[in-house]
Amino acid sequence: MKEKIDINTWIRKDHFKFFSAFDEPFFGVTVEVDCTATYEEAKEHNVSFFLLYLHKSLVAANQVEPFSYRIIDGEVWKYNRVNAAATINRPNGTFGFGYMDFYHDFENFRTAANNEIEKVQGSTGLIPSSSGENVIHYSALPWLNFTSLSHARNFAYQDSCPKISFGKVRDENGRKIMSVSIHVNHALMDGYSVAQFVDAYQELLNKKRLANIFNSKL
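What counts, and at which threshold
Residues numbered from 1 in each chain as written. Predicted model: local features only at pLDDT ≥ 70, side-chain atom pairs only at ≥ 80, totals over all residues. Heavy atoms only, no water. Helix = DSSP H or I, 4+ residues; strand = E, 2+ residues; numbered from the N terminus. Buried < 20%, exposed > 50% of the residue type's maximum accessible area, 1.4 Å probe, protein only. Contact = heavy atoms within 4.5 Å. Polar contact = N/O pair within 3.5 Å; in protein donor to acceptor, adjacent residues only side chain to side chain. Pairing = 2+ DSSP bridges. Axes fitted to C-alpha atoms, helices over the stretch in contact; angles between N-to-C directions. Expected span 1.5 Å × (residues − 1). Salt bridge = Lys/Arg side-chain N within 4 Å of Asp/Glu carboxyl O.

Asker: Break down the overall build of the protein chain for me, with residues and values.
Answerer: When you go through the protein chain residue by residue, the secondary structure sums to 6 helices and 9 strands. Principal axes of the C-alpha set define a box for the protein chain whose edges measure 50 × 35 × 35 Å. Classification of the 218 residues of the protein chain by burial places 49% in the buried group. Taking contacts inside the protein chain between residues at least 6 apart in sequence as the whole, the part at least 24 apart equals 73%.

Asker: Can you lay out the side chain of histidine 186 for me, pointing to particular residues and giving the numbers?
Answerer: The topology assignment puts histidine 186 in the loop between β9 (175-185) and α5 (191-205). In terms of polar contacts, histidine 186 uses its side chain to reach the side chain of aspartate 190, at 3.2 Å. Apart from the residues within four sequence positions on either side, histidine 186 is in contact with Arg12, Phe19, Pro25, Phe26 and Phe27.

Asker: An account of the sheet that holds β9 is needed here, citing residue identities and associated values.
Answerer: Spatially, 6 strands are ordered β2-β9-β8-β7-β5-β6 in an open sheet, and the strand pairing comes out mixed. Taken across any chain shown, the strands that pair with only one partner, and hence form the sheet edges, are β2 (26-34) and β6 (95-100). This sheet shows a mean twist of 25° between the axes of neighbouring strands, independent of strand direction. Of the strands in this sheet, β5 (83-89), β6, β7 (135-140), β8 (163-172) and β9 are in contact with helix α3 (residues 49-63), which crosses β7 at around 150°. Across the face of the sheet, helix α4 (residues 106-121) comes into contact with β5 and β6 while running at roughly 150° to β6.

Asker: Help me get a handle on α3, residues and values and all.
Answerer: When the terminal C-alpha atoms of α3 are compared, their 21 Å separation across 15 residues agrees well with the 21 Å that a helix rising 1.5 Å per residue should span. Where α3 starts, the residue carrying a side-chain oxygen 3.3 Å from the main-chain nitrogen of phenylalanine 50 turns out to be serine 48.

Asker: Tell me what's going on with the pattern of salt bridges, and back it up with residues and numbers.
Answerer: Across all of its chains, the model carries 17 salt bridges by this definition. One salt bridge connects glutamate 107 with arginine 110, and the closest N-O pair in it is separated by 2.8 Å. You can see glutamate 107 and its partner arginine 110 sitting in helix α4, 3 residues apart, about one turn around the helix. The two residues glutamate 107 and arginine 110 agree in class, both being buried. If you follow the salt bridges from partner to partner, you end up with Glu3, Glu65 and Lys78 in one network.

Here it is, written out as structure tokens:
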């Protein structure tokens, strides 16, 4: 579900009109997050570290309202839920696009995501996602410890979906550190909203929550 935002009464009216006129309205930052607790949590419960940190990023994004804004035919809409359109790596070095619904419960998310990963890895080609606008475009580069990142863009297409990329996890002073690149449309949000997302994401990465989920099913 989505609801239309009245641009004329919107607090970001001037910002929206200003940045919407840009050929490239996206801006991006690269930050480092401490994923030690989440890495340990994945190992303790024998679940995918990738899916666990991806899910926590979706939880954070769904907590920060501007990440649910999209521009459709020049109008701004707010979605009630944001899902994932992620690149899925294959053993042969290629990748395909996959679509993953967001569920607050990690087990439900993991089940659906694993089915999608299996489908993509068992196929060839890009498989363009027909996921709609209420997604975040995700990618993972687990081989690279990057400090900045840019994206291929088709400027003829009006894109407003946030783009989040995860880098290589490295050991630093006994901690697991990972680079995260975040690109968003400046017509829809500013650095303040990105900072809110980063803070919410780091807080979730610091928490181990799976023990309660798994213990409740014993």
